[in-house]
Amino acid sequence: MGPRNPPETFQNHAMTDTAPSPFVFHQGTAPLLISMPHAGTHVPPDIAARLTEEARHVPDTDWHLPRLYEFARAMGASILVATHSRYVVDLNRPPDGASLYPGQSVTGLCPVDTFDDTPLYADPADVPTDAEIAARREAIWGPYHAQLRAELDRLKAVHGTVALWDAHSIRSVLPRFFEGKLPDLNLGTGKGTSCALELAEHLLAIAQTAPGHTAILNGRFTGGYITRHYGQPEAGIHAVQLEMTQCSYMQEALPFDYLPERAEQIQPTLQRMLQAVLDFVTTRRVS
């Protein structure tokens, strides 16, 4: 069975026969695009049949982000949400599968293990071949990035300067990737390459005021492929990744429930950060 408590703002497609488009897209009017590359849950039946029981629950999903960021629609943001699970293809990895963190443990373009370092595929012989990886990349990775590129280009043509906010969430404790508990709000700007330093420092200052939460800039997570590839501040495209702990707004274990009262405590900080991004880009038009 798939997850028992899917994100509320779009259909849960895990373990179903209905193949969704690679993304759900809402076009806004403000110079802000929010990308959610790991919010999808759909696993095509032919892949799901090869997965372990644990993997069929797609536990490494960035759960409920469309609901958490629902307020951004009223701010005029465009919102791009993946429909397929990162277990099918990871939209925040380079198309050639190169590691984003050389020397550290990472999952690949078409992962073969979970964040807990357990196998995704029940039979090791069932891991995706090079041909299957290429097919998944063409069918899902390509269209998502084409839409992302097209919307950035559209917004830049209208506004001159645009912001890309890559929204993520993760369990707060994952020994495979980091020691102890992760800070709650992990801002990444490609170590300063994907957005203006002034903006990054302002966002960190806002994040540090979140009651009961911790924050860091370019710590364990410095931004994935999307942030690093599309962020070109000198050309008027400022990209920021936020990797936030799931305990800030939801239950981190099955059934992965959204916790409204907890989410309401962090949403004002998220809104303040997004408003700061909008204020920044609207005052810096690049021709």
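Just above sits the structure.
This text gives an overview of the structure that appears in the document. (Residues numbered from 1 in each chain as written. Predicted model: local features only at pLDDT ≥ 70, side-chain atom pairs only at ≥ 80, totals over all residues. Heavy atoms only, no water.)

1. What to know about the overall build of the protein chain
1) Next: For the protein chain, the helix and strand inventory stands at six helices and seven strands.
2) Next: Mapped in sequence order, the helices and strands of the protein chain form the string β-β-α-α-β-α-β-β-α-β-α-β-α.
3) Next: Taken over the C-alpha trace, the protein chain has a radius of gyration of 18 Å; the compact-globule value for 287 residues is 19 Å, and the two agree within 12%.
4) Next: In the protein chain, the proportion of contacts linking residues at least 24 apart, taken out of those at least 6 apart, comes to 81%.
5) Next: Just so you have it, the protein chain exposes about 11400 Å², and 54% of that area is on carbon and sulfur atoms.
6) Next: Averaged over its 22 positive side-chain charges, the protein chain has a centre that lies 5 Å from the centre of its 32 negative ones. (Helix = DSSP H or I, 4+ residues; strand = E, 2+ residues; numbered from the N terminus. Rg over C-alpha atoms; globule rule 2.2 N^0.38 Å. Contact = heavy atoms within 4.5 Å. Areas by Shrake-Rupley, 256 points an atom, 1.4 Å probe, with all protein chains shown as cover. Lys, Arg positive; Asp, Glu negative; His and termini not counted. Charge placed at Lys NZ, Arg CZ, Asp CG, Glu CD.)

2. As for the pattern of salt bridges
1) Next: Tallied over the entire structure, the rule returns 15 salt bridges.
2) Next: A salt bridge links Glu70 to Arg73, with the shortest nitrogen-to-oxygen separation between them at 3.6 Å.
3) Next: A relative accessible area of 37% means that Glu70 is categorised as partly exposed.
4) Next: One salt bridge in this structure joins Asp116 and Arg171, with 3.2 Å as the shortest N-O distance. With Asp116 in the loop between β3 (78–82) and α3 (130–159) and Arg171 in the loop between β4 (162–170) and β5 (185–188), this residue pair connects regions lying 55 residues apart in the sequence.
5) Next: Asp116 sits in the partly exposed class, given a relative accessible area of 41%. (Salt bridge = Lys/Arg side-chain N within 4 Å of Asp/Glu carboxyl O. Buried < 20%, exposed > 50% of the residue type's maximum accessible area, 1.4 Å probe, protein only.)

3. Points about the sheet that holds β5
1) Next: Spatial ordering of the open sheet is given by β1-β3-β2-β4-β7-β5-β6, a layout of seven strands whose pairing is mixed. This sheet does not close on itself; its edge strands, each paired only once, are β1 (23–26) and β6 (215–217). When the angles between neighbouring strand axes are averaged without regard to direction, this sheet yields 15°.
2) Next: The pairing of β1 with β3 spans four bridges and is antiparallel. Among the inter-strand pairings, Phe25 is bridged to a residue of β3, identified as Leu80. (Pairing = 2+ DSSP bridges. Axes fitted to C-alpha atoms, helices over the stretch in contact; angles between N-to-C directions.)

4. Overview of the side chain of Asp113
1) Next: Position of Asp113 among the secondary structure elements: in the loop between β3 and α3.
2) Next: One polar contact links Asp113 to Arg176, side chain to side chain, over a distance of 3.3 Å.
3) Next: Setting aside residues up to four positions removed in sequence, Asp113 forms contacts with Thr107, Thr118, Pro119, Leu120 and Arg176. (Polar contact = N/O pair within 3.5 Å; in protein donor to acceptor, adjacent residues only side chain to side chain.)

5. Regarding the packing of helix α4 (residues 197–207) against helix α6 (residues 260–282)
1) Next: At a minimum axis separation of 9 Å, α4 and α6 run at an interaxial angle of 160°. On the basis of their axis angle, the class for α4 and α6 is roughly antiparallel. Where α4 crosses over α6, the two elements pack in a sense that is right-handed. In this structure, α4 uses Glu198, Leu199, His202, Leu203, Ile206 and Ala207 to contact α6, whose residues at the interface are Thr269, Arg272, Met273, Ala276, Val277 and Phe280.
2) Next: The residue makeup of the contact of α4 with α6, split by class, is eight nonpolar, two polar and two charged. (Parallel < 35°, antiparallel > 145°, perpendicular 65-115°, else oblique. Left-handed = near helix turned anticlockwise from the far one by under 90°. Nonpolar A, V, L, I, M, F, W, Y, C, P; charged D, E, K, R; others polar.)

Keep in mind that these numbers describe shape and distance, not what the molecule does.
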